[in-house]
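Chain by chain, the residues:
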Amino acid sequence: MHINKPNTVLTPLGIGLALSLLGDATLYAVLPSPEIALQAGLSLAMVGFLLGINRLVRLLFNGLAGWIYDRLPRRPLMLLSLGIGTLSTAVYAFGSGPFILTTGRVLWGLAWSGLWIGANSMTLDISNDLNRGRINGRLQMWFFIGVAVSSFCGGIFTDLFTYRGGLWVSTILSGVGLLVWLRYLPETRPEKNKNTPILKEDNPAKAGFPWKLTLSCSLPFFINRVIFTGVLGSTTILWLSQFVEDGSLTFNQIAIPLATMSGTFIAVRVLVSIVSVPQVGRLSDRINRRWLVLAVVILIFGSGGLVLLAAQNIWVSILGVILAAIAGGSIPALIPTIIGDQVPQHQQGRSLGYIFSFGDLGSAIGPPIALTLVGIISLPTLFLGCAALLILTGIFTAVLAIKEKKHPDRY
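Engineer: Would you mind going over the overall build of the protein with me for this structure?
Structural biologist: Per the secondary structure count, the protein includes 13 helices and two strands. Expressed as a percentage of contacts within the protein between residues at least 6 apart in sequence, the contacts between residues at least 24 apart total 82%. In the form shown here, the protein has an accessible surface area of approximately 17800 Å², with 68% of it arising from carbon and sulfur atoms.

Engineer: Looking at this structure, I do not really get helix 10 (residues 290-309). What am I missing?
Structural biologist: Given 3.6 residues to a turn, an α-helix orients residues that are three or four positions apart in the same direction. Here helix 10 is 20 residues long and its end C-alpha atoms lie 26 Å apart, about the 28 Å a rise of 1.5 Å per residue gives. A maximum bend of about 25 degrees is found in helix 10 at I298. Buried within helix 10 are the following residues: R290, W291, V293, L294, A295, V297, I298, G302, S303, G305, L306 and L309.

Engineer: Could you clarify how one ought to interpret the environment of D70 in this entry?
Structural biologist: Along the chain, D70 falls in the loop between helix 4 (44-69) and helix 5 (74-94). Sequence-wise, D70 and H346 are 276 residues apart; in three dimensions their C-alpha atoms are separated by 5.0 Å. A distance of 2.7 Å separates a polar side-chain atom of D70 from the backbone nitrogen of G349.

Engineer: Mind showing me how you'd approach the pattern of salt bridges here?
Structural biologist: Working definition: two side chains of opposite charge can pair if their charged atoms are close together. Going through the model one piece at a time under the given rule, you end up with eight salt bridges. R58 is paired through a salt bridge with D360; the nearest N and O atoms lie 2.8 Å apart. Remark: D360 occurs in helix 12 (residues 348-374) and R58 occurs in helix 4; sequence separation between them is 302 residues. With respect to burial, R58 and D360 carry one shared label: buried. D360 is the salt-bridge partner of R225, the closest N and O atoms lying 3.6 Å from each other. With R225 in helix 8 (residues 211-241) and D360 in helix 12, this pair connects stretches of sequence that are 135 residues apart. Of the residues examined, R225 reaches a relative accessible area of 16% and is grouped as buried. What makes D360 buried here is its relative accessible area of 3%.

Engineer: How do you make sense of the packing of helix 7 (residues 132-184) against helix 11 (residues 314-342) when you look at a structure like this?
Structural biologist: Any two packed helices are characterised by how steeply their axes cross, that is the angle between the axes, and by the distance between the axes. Across the interface, helix 7 lies against helix 11 with an axial gap of 9 Å and an inter-helix angle of 140 degrees. The orientation of helix 7 with respect to helix 11, classified from their angle, is oblique. Like other packed secondary-structure pairs, helix 7 and helix 11 cross with a definite hand, here right-handed. For the pair helix 7 and helix 11, contact is made by R132, G133, N136, G137, Q140 and F144 and by G329, P332, A333, P336, T337, G340 and D341, respectively.

Engineer: Where do I start with the environment of A387 in this structure?
Structural biologist: Within the fold, A387 resides in helix 13 (residues 379-406). Distance from A387 to I227, taken between C-alpha atoms, is 9.1 Å for residues 160 residues apart in sequence. Non-local contacts of A387, meaning those with residues more than four positions away in its chain, are made with S303, L306 and V307.

Engineer: Which parts of the structure should I look at to understand empty space enclosed by the protein?
Structural biologist: Summary: where empty space remains is shown by rolling a probe the size of a single water molecule over the atoms. Using the criterion set out here, one finds three cavities of 30 Å³ or more in the structure. It is helix 8 that contributes the most residues to the lining of the largest cavity, four residues altogether. Here the lining of the largest cavity is composed, by residue class, of six nonpolar, two polar and one charged.

Engineer: Even after reading the chapter, I still don't get the packing of aromatic side chains, so can you show me in this structure?
Structural biologist: How two aromatic rings sit relative to each other is given by the distance of their centres and the angle of their planes. Within the structure shown, the criterion is met by 11 aromatic pairs. Between W116 and F356 the ring centres are 6.5 Å apart and the planes differ by 35 degrees, which places this aromatic pair in the tilted class. Of the two residues, W116 is situated in helix 6 (residues 98-125) and F356 in helix 12; the sequence distance between them amounts to 240 residues. A residue is classified by how much of its surface remains accessible, and W116, at 10% relative accessible area, is buried. Judged by relative accessible area, F356 falls into the buried class, the value being 4%. Between the aromatic rings of W211 and Y354, the centroid separation amounts to 5.1 Å while the plane-to-plane angle is 35 degrees, which identifies the pairing as tilted. Taken as a pair, W211 in helix 8 and Y354 in helix 12 lie far apart in primary sequence, 143 residues in all. Ring-pair connections join several aromatic residues into one group, and the members of that group are W108, W112, W116, F143, F144, F221 and F356.

Procedures and definitions
- Residues numbered from 1 in each chain as written.
- Predicted model: local features only at pLDDT ≥ 70, side-chain atom pairs only at ≥ 80, totals over all residues.
- Heavy atoms only, no water.
- Helix = DSSP H or I, 4+ residues; strand = E, 2+ residues; numbered from the N terminus.
- Contact = heavy atoms within 4.5 Å.
- Areas by Shrake-Rupley, 256 points an atom, 1.4 Å probe, with all protein chains shown as cover.
- Expected span 1.5 Å × (residues − 1).
- Bend = angle between axes of the 7 residues up to and from the residue.
- Buried < 20%, exposed > 50% of the residue type's maximum accessible area, 1.4 Å probe, protein only.
- Polar contact = N/O pair within 3.5 Å; in protein donor to acceptor, adjacent residues only side chain to side chain.
- Salt bridge = Lys/Arg side-chain N within 4 Å of Asp/Glu carboxyl O.
- Axes fitted to C-alpha atoms, helices over the stretch in contact; angles between N-to-C directions.
- Parallel < 35°, antiparallel > 145°, perpendicular 65-115°, else oblique.
- Left-handed = near helix turned anticlockwise from the far one by under 90°.
- 1 Å grid on protein atoms, 1.4 Å probe; cavity = no way out; pocket = protein on both sides within 12 Å on 5 of 7 lines; lining within 4 Å.
- Points joined across faces, edges and corners; volume = space filled by probe spheres on them.
- Nonpolar A, V, L, I, M, F, W, Y, C, P; charged D, E, K, R; others polar.
- Phe/Tyr/Trp six-rings, centres within 6.5 Å; stacked < 30°, edge-to-face > 60°.

Below, the structure written as structure tokens:
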């Protein structure tokens, strides 16, 4: 099916993704509370396991999901994935205890593998060399909006309707997302690829899977998730505590509690990503140099932001937060764009699956690494170490950018 207007796909796609995140976001928002954990029949130690197991599950499911999306139409797979995601939220609402809730988290891991790889595959289907960066940026924008709204609503629903009542509301809304997709989400897979395609190459050696490009894209994606999702996501409140006395931050004689400030700055990071990511994607379309834009984002915004984040002046450090947020949102948008440019369409799902598995691994190991190192080194030193890691990653992407200039059409 040829899509003339990307919004006919992106709008329902974004709405469904945002609604699908409600159950997962609710658990992250409220389950660490001892009172809520007790209602769910869990110990606090088990809560930590449950909140992370879905990422480990995706390490197993991402590759399979990508392989399936390379061979079957997108729409029914997306509907099935959202149906499984809705079921997982119902399991949280209905059940209690480690076994049932672990089952729900495994279902969510399976669902998100299908949802996110499918969403990226559909985005590549409806884009071309002239707008791929912008359209991928808009998908990331919808994702960040979904994270922000679902995190906010998860807490509100729990306060209004209790823990289980809030999860049932999230289940209903996720089901509404499924109805939206049934009505408005079109099939995007091109007609010529509805059957398993056969790659035609003059040189048979080129017909294999593009491992070199996939692994090259996996490295910055992995580092991005380790640092921005893992380290920064788990140390925000510790970073703010450096500038706080007596448990609150004072602005214009108004004392703002530390936890409130932490949530506010997480929201600020999301907002910066929402605004900046489509613009970075648009820039990569305009100059047609994806690796170059990626290298600049990593070296200037990523590593530069982390260096400023390590400053002892709060305003300089906040500037670092803003710059780092631009990089943290742009890297996941540019990587699928590179895959769309350079990987044959019938291999894109599998390639994305492997890349997202590296990302999930980074998200899983980032927080424990960060919180372990904070007990050994200072927080500014940790941020500077992350900046050094990003500089090395940026040099790696810069080398690929030089090669991109020599060979613009093929990696």
